[in-house]
Each structure stands twice: as C-alpha cells, then as structure tokens.
Amino acid sequence: MQIYTNADIRPGAIAGQRIAVIGYGSQGRAHARNLQDSGHDVIAGVRHGGKGWTNATADGIATAEPAEAVRGADIIAILTPDMAQADIYRDIIAPNARPGSAILFAHGFSILYDRVTPREDMDVILVAPKGPGDLVRREFARGRGVPALFAVGQDATGKARDRAMGYAKGIGGATGGLLETSFREETETDLFGEQAVLCGGAKELVMGGFTTLVEAGYQPEIAYFECLHELKLIVDLFYEGGITRMNAFISETAKWGSVASGPRVINDETRARMREVLGEIQSGQFAREWIAENAAGKGRYDALVKADSDHPIEIVGAGLRERMAWLHAPETAEAA
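Quick caveat: nothing in here was measured; it's all calculated off a predicted structure.

Calculation notes
Per chain, residues are indexed from 1 in the order of the written sequence. Under the rules for a predicted model, residues below a pLDDT of 70 receive no local features and side-chain atom pairs below 80 are neither given nor counted, while totals for whole chains, interfaces and linings still include all residues. Side-chain measures were taken over the full set of non-hydrogen atoms in the model, leaving aside hydrogen atoms and water. Each helix is a run of H or I in the DSSP string that is no shorter than four residues. Each strand is a run of E no shorter than two, and both are numbered from the N terminus. Relative accessibility under 20% of the residue-type maximum defines a buried residue, over 50% an exposed one, and the middle range a partly exposed one, all with a 1.4 Å probe and only protein chains included. For the purposes of these results, a polar contact is taken to be a pair of N or O atoms within 3.5 Å, where, inside protein, one atom must be able to donate a hydrogen and its partner to accept one; residues adjacent in sequence count only when each atom of the pair is a side-chain atom. In this analysis, two residues are considered to be in contact whenever any of their non-hydrogen atoms come within 4.5 Å of each other. A pair of strands is treated as paired once DSSP finds two or more bridges between them. Here an axis means a line fitted to C-alpha atoms, over the contact stretch when the element is a helix, while the angle between two N-to-C directions is reported on a 0 to 180 degree scale. Aromatic pairing here means that ring centres of Phe, Tyr or Trp (its six-membered ring) are within 6.5 Å. Orientation follows from the plane angle: under 30 degrees is stacked, over 60 is edge-to-face, and everything else is tilted. The criterion is simple. A nonpolar core is a set of buried Ala, Val, Leu, Ile, Met, Phe, Trp, Tyr and Cys residues joined through side-chain atoms within 4.5 Å. Salt bridges, as used here, are contacts in which a Lys or Arg side-chain nitrogen is within 4 Å of a carboxyl oxygen on Asp or Glu. Here a cavity denotes a set of grid points, spaced 1 Å apart and computed over the protein atoms alone, in which a 1.4 Å probe fits but from which it cannot get out, and a pocket denotes an open set meeting protein on both sides within 12 Å along at least five of seven lines; residues with an atom within 4 Å of a point are reported as lining. Grid points are joined across faces, edges and corners, and a volume is the space filled by probe spheres set on the points.

1. Structural notes on the side chain of asparagine 34
Take asparagine 34: it is sitting in helix H1 (residues 26–37). Relative accessible area serves as the criterion here: at 0%, asparagine 34 is assigned to the buried category. A polar contact of 2.8 Å, which involves the side chain of asparagine 34, links it to the side chain of arginine 137. For asparagine 34, the residues in contact, after removing those within four places along its chain, are Val136, Arg137, Phe140, Gly170 and Ile171.

Written as structure tokens, this is what we have:
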C-alpha cells in the first residue's frame, strides 16, 4: 500500500476554498486550528454563545451560526458525534450547501449506514486522523503530524480526491503519512478495533485480571498496578516499535509467560467471538442496535457505562491516582 506524503499532494489542492468546521469538540478544534495555521480560510459553525463559540473565538477562529457557515463554504467538515449528523445534514447542510461543495467526515458511520445521503451535486470525502484531537494538534504544533486515512465516497466535481488530500495535508496528516481507504473499510475496521481490542477488549481484559487477583485474596491496590497501571508501559513499547520492541525491554521470565500463557487467555474461542463482533459490524446489526438505543433514550447505554464507572478497579484507581503528581500537571496552551 502506498503511503502518501506532502510531496504527493497537488500544490494548491484546496487553495482559496473556505472550510466550515461544524462541531468544535476535540477533533473539530484541532482541525480548525491546524488548517488555519496552514494558511486556509476556516470558519467554525457553532451556536452563538455556546462552548464551541467561546473556544473558537479564544483560538482566533472566525465563527458563525452553522447554517451561515455552511452557506459560505466550499468544504464542510462535519465533526460532530455520529448520532447528531443525520439531523445536522438534513436541517443545516442540505438546504444551505453550495452546489459543488464537499462534505467531509472524520468517520464513515453516517455514510456507510445510510444515516446521511448527500446531494448528488456534492463531493463526499473522508479524512480520519489515527489519533485523538489533542494529539492531532500537539503533533502539528511540533512540526510533525498524526497519520491519517482518506477516502472518496462521491466525486461530483472531479476534485474530490484532491480536496481530501489537501485537507489531510492541512491538518498534518500527510506529514504523518496518508493511507487511502474506503468509507466501508475505515468504518468497519474502526468499529472493530474499538470494540474488540482498544476499548472493549482492553477494558474487559484489565477488569477481568483485576477481579481474578482480588478474588484470589491479593490486595486491590497491587492488582490495580499489575493489571491497569503498568499496561501503559507495555502499550508505549508497542506504539514505539511493536511486539519486537516490547520483547526487547521485558525480562526473559515475562517473555516466557507471554508466549506460554498469553495464547491460553486469548485463544480460538476469543477469536471466534471477535469474528462474531466483526460480522455484526459488517451486517449493520451493530449500527441498527446503536441507532435504536439512541432513539430509545440511551437507558441501557447509560446503565452499562455507569457499571464500568462503579467497578471496584475505578474506586481503587481513583485513590491511587491522587498520589501520582505527574497526572495532575497543568496542560500547556497547545494541548488545551
């Protein structure tokens, strides 16, 4: 697979095009600031007097009510939560977007699962940084960048690919390295990674390990350090150089335990469950259930999230983290 860099992007790919950023949360704020610092014409579509308006104004980003921002834009980046996007498109973007403008997503959920069906005269593009907004901003400010994915879902103008790549360059994605994908591939792999490994899988593994030790009579504080706190040390090694780097920095005893016992925990049964999860994502079952949960008021969602927050590992961890001074250092201006 080709990895695109700044040198691969057509000069002036989005020069002179106004970019409206709809949603000024973690990703929206980072994108807007990076794009403006890259010399692009950026406006934040935010409610007057709201938190987004306040933050954008403090950042020196031009602001307007969302409909007004859309009316004047060539590229409309919709960076709100997935479940809000259908209403935003229907009520704000569809009636106000210029013919030939582009709608840009940072995640393909709304397109893949037919939550949003853009007008035929619009380009539909995706730019998905592989990191949270604060990291996208911090790395850009350091002259580096977070890798990103890009895709074209609809090319009404013949310029959609240039627009996606130019936008990605503007937020630092081409400095980190760009990979071309599709809306389907980005969405399905992202959902699977979140559910089976990064969020759901890792959380359940940590909580399961903690509970196993505590039930066996070990002190909860020791179990916390072994099963949650030290996980960051291993993840950092993965991040820096993969499994090989981890093996280079852990003891031989740890390596033997890894190769001898790891496959007993994550085994064929686990992988079968992973395939089930992937199948539900691919069939649209997960999306339908999540959409229905939102429509019903998110009662089950709230209860499950609360159960995680109330787990003993969170109670023990909160007390231990209070003593970790490095976790309470003030954020820098660029990280804010």
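Moving on from the coordinates now.
2. Things to note about the environment of glycine 257
Checked against the element boundaries, glycine 257 lands in helix H13 (residues 252–265). Distance in space between the C-alpha atoms of glycine 257 and alanine 102 is 52 Å, their sequence separation being 155 residues.

3. A look at the sheet that holds strand E3 (residues 41–45)
Across the sheet, which stays open at both edges, the nine strands sit in the order E1-E9-E8-E7-E6-E5-E2-E3-E4 with mixed pairing between neighbours. A single partner strand is all that each edge strand has here, and the edge strands are strand E1 (3–4) and strand E4 (62–64). Here strand E7 (residues 123–129) pairs with strand E8 (residues 148–154) via six bridges, running antiparallel. Within the sheet, the bridge partner assigned to alanine 128 lies in E8 and is leucine 149. Docked against the sheet, helix H9 (residues 183–198) engages strand E6 (102–105), E7 and E8, running at close to 35 degrees with respect to E7.

4. Notes on the packing of aromatic side chains
For any pair of aromatic rings, the description consists of the separation of the ring centres together with the inter-plane angle of the planes. Under the counting rule described, the total for this entry stands at five aromatic pairs. When the centroid spacing of 4.9 Å and the interplanar angle of 65 degrees are considered together, the rings of phenylalanine 109 and tyrosine 113 count as edge-to-face. On the accessibility criterion, phenylalanine 109 (1% relative accessible area) is buried. Ring centres 5.9 Å apart and planes at 75 degrees place the aromatic pair tyrosine 224 and phenylalanine 225 in the edge-to-face group.

5. With respect to the pairing of E8
Two strands pair when backbone bridges link them, and E8 and strand E9 (residues 178–180) are joined in this way by three bridges, in the parallel orientation. Bridging across to E9, phenylalanine 150 finds its partner in glutamate 180.

6. As for the nonpolar core
Core analysis: the largest hydrophobic core is formed by 32 residues, its most contacted members being Val127, Tyr167 and Leu178. It is helix H7 (residues 160–170) that contributes the most residues to this core, five residues altogether. Once you skip the residues sitting within four places of it in the chain, valine 127 turns out to touch Leu104, Phe105, Ala106, Leu149, Phe150, Ala164, Tyr167, Ala168 and Ile171.

7. Things to note about the pattern of salt bridges
Tallied over the entire structure, the rule returns 22 salt bridges. Between aspartate 308 and lysine 203 there is a salt bridge, and its shortest N-O distance comes to 3.2 Å. Highlighted residues: aspartate 308 in helix H16 (residues 299–309) and lysine 203 in helix H10 (residues 200–215), separated in sequence by 105 residues. By relative accessible area, which is 24% here, aspartate 308 ends up partly exposed. Lysine 203 gets classed as partly exposed once you look at its relative accessible area, which sits at 29%.

8. Here's the deal with empty space enclosed by the protein
This structure, assessed with the given rule, holds one cavity of 30 Å³ or more. There is about 30 Å³ of room inside the largest cavity. Together, Pro129, Val136, Gly145, Val146, Ala148, Ile171, Gly172 and Gly173 line the largest cavity.

9. Re unusual backbone geometry
Phi at aspartate 114 is positive, roughly 60 degrees, even though this residue is not glycine. Aspartate 114 sits in the exposed class, given a relative accessible area of 61%. With a phi close to 65 degrees, lysine 298 is a non-glycine residue in the positive phi region. Within the secondary structure layout, lysine 298 lies in the loop between helix H15 (285–295) and H16.

Remember, this is a structural readout, not a statement about activity or role.
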